[in-house]
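Tertiary structure, described
If you want the building blocks of each chain, they are given just below.
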Amino acid sequence: MAVFAERPQHKRWEMVCVVDLDSPDLPDIALDHDGFATAVTADGNNLAADAKLLRTAVLDNFATGGTNTGTKVFTPTKASKRQIEVHHKTGTRFEAQGTTVFAGAANRYTDAYALKTTDGGALILFSHTHTQTDAVAHSGLQINPGKDDRAWLHDVPRTSIRYTFVCNDAATVPAKAEPSRLIGYTCARTDASGPPVPSWSDRA
């Protein structure tokens, strides 16, 4: 699913959001008298959840496995389960040799887009940014950058690496106080950084 928005400063339309949906079946969208989809405000409306709360819940899925708000805001779906699985699997893959911590990060893309659904709810598309910080458990260990990280880290071993991801998310939100449904998300790594192991630092 893609969203195009008109940029007044350029007087042209640009694609601003793309989300991979888990299913092509979308909720029924409310149409206006001209047959166009009805846009609604994504933040601060009278829905069960707005874009800010949805963003908080998604970040919680990654950071805690949904413990605080993720599993309260979202009913279990394929997309929300995948986010929670990222937390569980990635967070334990180093076992006793290292740690992985997820956290929210400054989000440059605060715009959110919503269409009214025929049941009075909304389909909301929004973005979030999160980090994943991998660190060795003690001196003598190192993290070797993978081929996808060499643009930022080259082939220099690190004691810790902080990855930044920018993601687009899509959720359906009911009109009344019921859980929302995360129906898809797409993430891209946009940065990676971290201190070299001491032996490499000494060479610099």
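Since the model is a prediction, treat every value here as computed from it, not as a measurement. Residue numbering note: each chain is counted from 1, following its sequence as written. Reporting in this predicted model follows two pLDDT cut-offs: at least 70 for local features of residues, and 80 or more for side-chain atom pairs to be given and counted; totals over whole chains, interfaces and linings ignore these cut-offs and use all residues. As a convention, hydrogens and water are excluded, and side-chain values are obtained from all of the structure's heavy atoms.

1. Observations regarding the overall build of the protein chain
In this text, helices come from DSSP runs of H or I with a minimum length of four residues, and strands from runs of E with a minimum of two, each type numbered from the N-terminal end. The number of helices and strands found in the protein chain is five helices and eight strands. The order of α-helices and β-strands along the protein chain, N terminus first, is β-β-β-α-α-α-β-β-β-α-β-β-α. Three labels apply to residues, based on accessible area from a 1.4 Å probe with only protein chains included: buried if under 20% of the type maximum, exposed if over 50%, partly exposed otherwise in between. Residues counted as buried form 37% of the 204 residues belonging to the protein chain. At a minimum sequence separation of 6, the contacts of the protein chain that also span at least 24 residues come to 66%. Total accessible area on the protein chain stands at roughly 11600 Å², and carbon and sulfur atoms take up 52% of it. His residues and chain termini do not enter the charge count, which takes Lys and Arg as positive and Asp and Glu as negative. We put the charge of a Lys on NZ, of an Arg on CZ, of an Asp on CG and of a Glu on CD. Distance from the positive charge centre (21 side chains) to the negative charge centre (23 side chains) of the protein chain: 4 Å. Any two residues having at least one pair of non-hydrogen atoms within 4.5 Å are treated as being in contact. Areas reported as accessible are Shrake-Rupley estimates using a 1.4 Å probe. Residue values count occlusion only from the protein chains shown.

2. What to know about the pairing of strand β6 (residues 122–136)
Of all 15 residues making up β6, 13 are buried, and the element is well covered by its neighbours. Strand pairing is defined by DSSP finding a minimum of two bridges between the two strands. Pairing of strand β4 (residues 98–104) with β6, which is carried by seven bridges, proceeds in the antiparallel orientation. What sits directly across from T100, in β6, is D134. In the sheet, strand β5 (residues 113–116) pairs with β6 via four bridges, with the strands oriented antiparallel. Paired with L115 across the bridge in β6 is L123. Following β5, the chain reverses through five residues before pairing antiparallel with β6; G120 in that reversal takes a positive phi of roughly 95°. Examined bridge by bridge, β6 and strand β7 (residues 160–173) share 14 bridges and lie antiparallel to one another. The residue bridging T133 from the neighbouring strand is R162, located in β7.

3. So, the pattern of salt bridges
Within this document, salt bridges are pairs made up of a side-chain nitrogen of Lys or Arg and a carboxyl oxygen of Asp or Glu, the two lying within 4 Å of each other. Evaluation of the coordinates by the stated rule reveals seven salt bridges. Notably, a salt bridge pairs D22 with R82, separated by 2.9 Å at the nearest N-O pair. Taken together, the residues span a long stretch of sequence, with D22 in the loop between β2 (12–18) and β3 (39–40) and R82 in helix α3 (residues 78–92) at a distance of 60 residues. Residue classification places D22 among the partly exposed residues on the basis of a relative accessible area of 29%. In this structure R82 comes out as partly exposed when scored by relative accessible area, which is 28%.

4. A word on the side chain of D134
Relative to the assigned elements, D134 resides in strand β6. Judged by its relative accessible area of 1%, D134 falls in the buried class. Polar contacts involving the side chain of D134 include one to the side chain of Q132, which spans 3.3 Å. Ignoring sequence-local partners within four residues, the contact set of D134 consists of R93, F94, T99, T100, I143, T159, S160, I161 and Y163. Side-chain atoms alone can form a polar contact between residues adjacent in sequence; in general such a contact is a pair of N or O atoms within 3.5 Å, and within protein one must be able to donate a hydrogen while the other accepts it.

5. Focus on the state of the cysteines
Here, the term disulfide refers to a pair of cysteine sulfur atoms separated by no more than 2.5 Å. This structure, assessed with the given rule, holds one disulfide. In this model C167 forms its disulfide with C187; the gap between the sulfur atoms is 2.0 Å. Judged by the torsion about the S-S bond (110°), the C167/C187 disulfide is right-handed. Placement of C167 in strand β7 and of C187 in strand β8 (residues 181–193) is noted, with a sequence separation of 20 residues between them. The exposure class assigned to C187 is partly exposed, which follows from its relative accessible area of 32%. Free cysteine C17: the closest other cysteine sulfur is in C167, separated by 11 Å. Assessed through its relative accessible area of 3%, C17 is described here as buried.

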